[in-house]
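# Architecture and fold: a report
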Amino acid sequence: FRSRAQKSNAIGPFHYRSPVLFLLKKQEMSPDDAHASSTRSAAFWCCFYGAGIIGTLLVYGLLQEGIMTVKYDGELFKYSVFLVMCNRLAAVVFAITMALVR
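Attention here is on the structure that accompanies the text.

Moving on, we get to the overall build of the protein. Within the protein, the secondary structure is distributed over 4 helices and 4 strands. Ordered by position from N to C terminus, the α and β elements of the protein give α-β-β-α-α-β-β-α. Put simply, the protein has 102 residues, and 6% of those count as buried. For the protein, the exposed area adds up to about 9200 Å²; of that, 69% sits on carbon and sulfur atoms.

Structure follows, in structure tokens:
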């Protein structure tokens, strides 16, 4: 079994190593260069994750709009709150699953 400190650094079968520590260990790179590189890396990942969230919300909005504007048996879908509830339930199930896996 791994200790609590080892578990906190484990992500599935992989082990997380801080990019800052990795970059600082390189002898040919000065600390200033390592800091600038890690800052660019952090900015890239922040933009990447932000774009993923915005893209997901865009797809969700388009799908919801499609469901709300199509007639089903001659009537429009009236209960958008039901769609939001289904989304939230799926998010809770996903979050619990990820918490148990971790």
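Now that the structure has been shown, the text picks up again.
So, on to the pattern of salt bridges. Inspection of the entire model under this criterion finds 1 salt bridge. A salt bridge links lysine 78 to glutamate 75; its shortest N-O distance comes to 3.4 Å. A relative accessible area of 57% places lysine 78 in the exposed class.

As a further point, take a nonpolar patch on the surface. A surface patch of nonpolar side chains, amounting to about 470 Å² of accessible area, comprises Phe44, Trp45, Phe48 and Tyr49. Locating phenylalanine 44 in the fold gives a position in helix α3 (residues 31-69).

Think of a pair of aromatic rings as described by two things: how far the centres are apart, and how the planes are tilted against each other in angle. For the structure shown, the criterion picks out 5 aromatic pairs. For the pair tryptophan 45 and phenylalanine 48, a centre-to-centre distance of 5.3 Å together with 85° between the ring planes defines the contact as edge-to-face. Of this pair, tryptophan 45 and phenylalanine 48 both sit in helix α3, separated by 3 residues, roughly a single helical turn. A residue is classified by how much of its surface remains accessible, and tryptophan 45, at 39% relative accessible area, is partly exposed. Of the aromatic side chains, those joined through ring pairs into one cluster are Phe44, Trp45, Phe48 and Tyr49.

In the Ramachandran plot, aspartate 73 falls in the positive-phi region, its phi being about 55° despite a non-glycine side chain. Within the fold, aspartate 73 resides in the loop between β3 (71-72) and β4 (75-76). For aspartate 73, a relative accessible area of 84% gives the class exposed.

So, how was this worked out
Residue positions are given per chain, counting from 1 as you read along its sequence in written order. Given that this is a predicted model, residues contribute local features only at a pLDDT of at least 70 and side-chain atom pairs are listed and counted only at 80 or more, while totals for whole chains, interfaces and linings are drawn from all residues. Water and hydrogen atoms were dropped before computing side-chain values, which therefore reflect all heavy atoms in the structure. Numbering of helices and strands runs from the N terminus; a helix is a DSSP stretch of H or I covering at least four residues, while a strand is a stretch of E covering at least two. Partly exposed residues are those whose accessible area sits between 20% and 50% of the maximum for their type, while under 20% is buried and over 50% is exposed, using a 1.4 Å probe and protein chains only. Under the convention used here, a 1.4 Å probe and the Shrake-Rupley method define accessible areas, while residue burial counts only the protein chains that appear. Any Lys or Arg side-chain nitrogen found within 4 Å of a carboxyl oxygen on Asp or Glu counts as a salt bridge. Exposure above 30% relative accessible area and the lack of any salt bridge qualify a residue for a patch; like charges then connect within 9 Å, and the nonpolar side chains Val, Leu, Ile, Met, Phe, Trp and Tyr within 5 Å. Two rings from Phe, Tyr or Trp (for Trp, the six-membered ring) form a pair when their centres are within 6.5 Å of each other. A pair whose planes differ by under 30 degrees is stacked, one over 60 is edge-to-face, and the rest are tilted.

These results come straight from atomic positions and should not be treated as a statement about function.
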